[in-house]
Amino acid sequence: MSRYRFRNSFAQSIKSFFRHGAMSFASVAVLMACLTVLGAFGLLVENINTNIDTLGDLNKIVVFCDTSLTDEQIEELEIQVRKLNNVEEDNFVRITKQQAMEEERAKYPQFKALFDEMEERGDNPYPDCFEITYENNEAVSTLKYQLEHMDGVSKVKCRDDLASKIDRLKSGVTFIFGAFLVILFIVSLFVIINTIKLAVFARIKEISIMRYVGATKAFIAIPFIFEGILIGVISSGIAYFVEWYVYSYATKSIVSNYSLITVVPFSSINGTLFISFLIVGVFAGIVGSVISLGKYLKA
């Protein structure tokens, strides 16, 4: 396509967009609404998965050392534990008996006098322990067995059953909501196509005249395709700002009323959301225009 033809087709699409303002507005409104619903659904799935991952942080193994071990023996035991498979090195935490006692003191302030008395006597019943985050839930039973049979380990606390349940929950949520997202996208595309079809139908005479004077199918179709792209871009921009405003308002409300719920910051997903809106909007605009024009361009 020559530069002149490109400019001419683009100019015609802009003129047509404003000339048929009512249908153009209807197409933008429908596509914007569909994108907003799709975006809201996608953000809901992202937040659900994030909160399930937060629950997954409970999937830790706590290894209690024998109280008879010296500091040197505990350090040697730590080295051995770190070498085991399925242990996340970055999330390995050693909690000394003094730290454990301080945590309990902070947890039960009503027994402060008792803790002070134990500290004065040098009587600390809490053992040193290691808090381990594992990488693979399927191999956690092997890791638990290895830890339980290591010299110097008095007890291993593990919720591997919880890890399996959380994994199954996350897979189920991802599958179900993913399927709904696909269905919603297909329905949205169907609505958009029919809306653009109405806009094309309103210009049957215009298309017929162009066909009568010998215009090629490509010459007729390209301005409509550009118009579909224009509708997609405008709808994407409006949908993005609507999503941003509504999500920001919802985030403030959730954070102030439900402190236990983790909300994904909009700043961390705004780029992905905008690009997704733009791709879906432009794709829907082009597909809608091509399908809608099909029957009217037949000889």
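For clarity, every value in this text was computed on a predicted model and none was experimentally measured.

Chemist: A description of the overall build of the protein chain should follow, citing residues and the corresponding values.
Modeler: Along the protein chain, the regular secondary structure elements total 10 helices and four strands. The secondary structure elements of the protein chain, listed N-terminal to C-terminal, are α-α-β-α-β-α-α-β-α-β-α-α-α-α. Within the protein chain, the fraction of its 299 residues that count as buried is 35%. Here the analysis covers contacts within the protein chain between residues at least 6 apart in sequence; of these, 83% occur between residues at least 24 apart. Of the roughly 17900 Å² of accessible surface on the protein chain, 63% is carried by carbon and sulfur atoms.

Chemist: Describe in detail the packing of aromatic side chains, supporting the description with residues and values.
Modeler: Enumeration according to the criterion identifies five aromatic pairs in this entry. For the pair Tyr240 and Phe266, a centre-to-centre distance of 5.9 Å together with 45 degrees between the ring planes defines the contact as tilted. Within this pair, whereas Tyr240 is found in helix H9 (residues 217–257), its partner Phe266 is found in the loop between H9 and helix H10 (270–294), the two being separated by 26 residues in sequence. In this structure, Tyr240 and Phe266 share a single accessibility class: buried. With a centroid separation of 5.3 Å and 80 degrees between ring planes, the pair formed by Tyr240 and Phe274 is classed as edge-to-face. You can see Tyr240 sitting in helix H9 and its partner Phe274 sitting in helix H10, a full 34 residues away along the chain. With relative accessibility at 13%, the residue Tyr240 sits in the buried group. Looking at Phe274, the relative accessible area reads 34%, which means it is partly exposed. An aromatic cluster of at least three residues, connected via ring pairs, comprises Tyr240, Phe241, Tyr247, Phe266 and Phe274.

Chemist: I'd like a description of a nonpolar patch on the surface, backed by residues and values.
Modeler: On the surface, Phe175, Ile176, Phe180, Ile183, Val187, Phe190 and Val191 cluster together into a nonpolar patch covering about 730 Å² of accessible area. Structurally, Phe190 can be placed in helix H7 (residues 160–201). Among the residues examined, Phe190 registers a relative accessible area of 57% and is labelled exposed.

Chemist: Tell me about helix H4 (residues 97–107), and name the residues and values.
Modeler: Because an α-helix packs 3.6 residues into every turn, residues spaced three or four apart end up facing the same way. Restricting attention to buried positions, one finds in H4 the residues Ala100, Met101, Glu104 and Arg105. In a view along the axis of H4, the buried residues occupy a sector of 140 degrees, so they form one face of it. Within H4, the exposed residues directed more than 90 degrees away from the buried face are Ala106 and Lys107.

Chemist: Outline the sheet that holds strand E3 (residues 129–133), listing residues and values.
Modeler: The strands making up a sheet associate through hydrogen bonds between their backbones, and the pairing can be parallel or antiparallel. Taken in spatial order, the four strands of this open sheet run E2-E3-E1-E4, and their pairing is antiparallel. Edge strands, defined here as strands with exactly one partner in the open sheet, are strand E2 (93–95) and strand E4 (153–158). With direction set aside, neighbouring strand axes in the sheet form an average angle of 20 degrees. Of the pairings in the sheet, the one linking strand E1 (residues 60–65) to E3 comprises five bridges and is antiparallel in character. What sits directly across from Lys60, in E3, is Thr133.

Chemist: Please provide a residue-by-residue account of the nonpolar core, values included.
Modeler: Core analysis: the biggest nonpolar cluster contains 20 residues, and Ile61, Leu77, Val81, Phe130, Ile132 and Leu147 have the highest contact counts within it. Every residue in contact with Val81, bar those within four places of it in the chain, is listed here: Val87, Phe92, Phe130, Ile132, Leu147 and Met150. Counting residues in each nonpolar core, the second largest holds 17 residues, with Leu31, Leu43, Val263 and Phe277 among its members.

Chemist: Pulling in residues and values, what's your account of unusual backbone geometry?
Modeler: Leaving glycine out, the prevailing phi sign among residues is negative, and the prevailing peptide bond configuration is trans. Phi is positive for Asn86, which is not a glycine, with a value near 75 degrees. Residue placement: Asn86 occurs in the loop between helix H3 (71–82) and E2. With relative accessibility at 11%, the residue Asn86 sits in the buried group.

Chemist: Lay out helix H6 (residues 140–148) with the relevant residues and their values.
Modeler: Within the span of H6, buried status applies to Val140, Leu143 and Leu147. Along the long axis of H6, the arc covered by the buried residues comes to 60 degrees, so they all point the same way.

Chemist: So what's going on with the side chain of Glu104? Residues and values would help.
Modeler: By secondary structure assignment, the location of Glu104 is in helix H4. Sequence-distant contacts of Glu104, that is, excluding residues within four places in its chain, are made with Phe115 and Tyr126.

Rules and cut-offs
- Residues numbered from 1 in each chain as written.
- Predicted model: local features only at pLDDT ≥ 70, side-chain atom pairs only at ≥ 80, totals over all residues.
- Heavy atoms only, no water.
- Helix = DSSP H or I, 4+ residues; strand = E, 2+ residues; numbered from the N terminus.
- Buried < 20%, exposed > 50% of the residue type's maximum accessible area, 1.4 Å probe, protein only.
- Contact = heavy atoms within 4.5 Å.
- Areas by Shrake-Rupley, 256 points an atom, 1.4 Å probe, with all protein chains shown as cover.
- Phe/Tyr/Trp six-rings, centres within 6.5 Å; stacked < 30°, edge-to-face > 60°.
- Patch = residues over 30% accessible without salt bridge, like charges linked within 9 Å, V, L, I, M, F, W, Y side chains within 5 Å.
- Salt bridge = Lys/Arg side-chain N within 4 Å of Asp/Glu carboxyl O.
- Arc of directions from axis to C-beta.
- Pairing = 2+ DSSP bridges.
- Axes fitted to C-alpha atoms, helices over the stretch in contact; angles between N-to-C directions.
- Core = buried A, V, L, I, M, F, W, Y, C linked by side-chain atoms within 4.5 Å.

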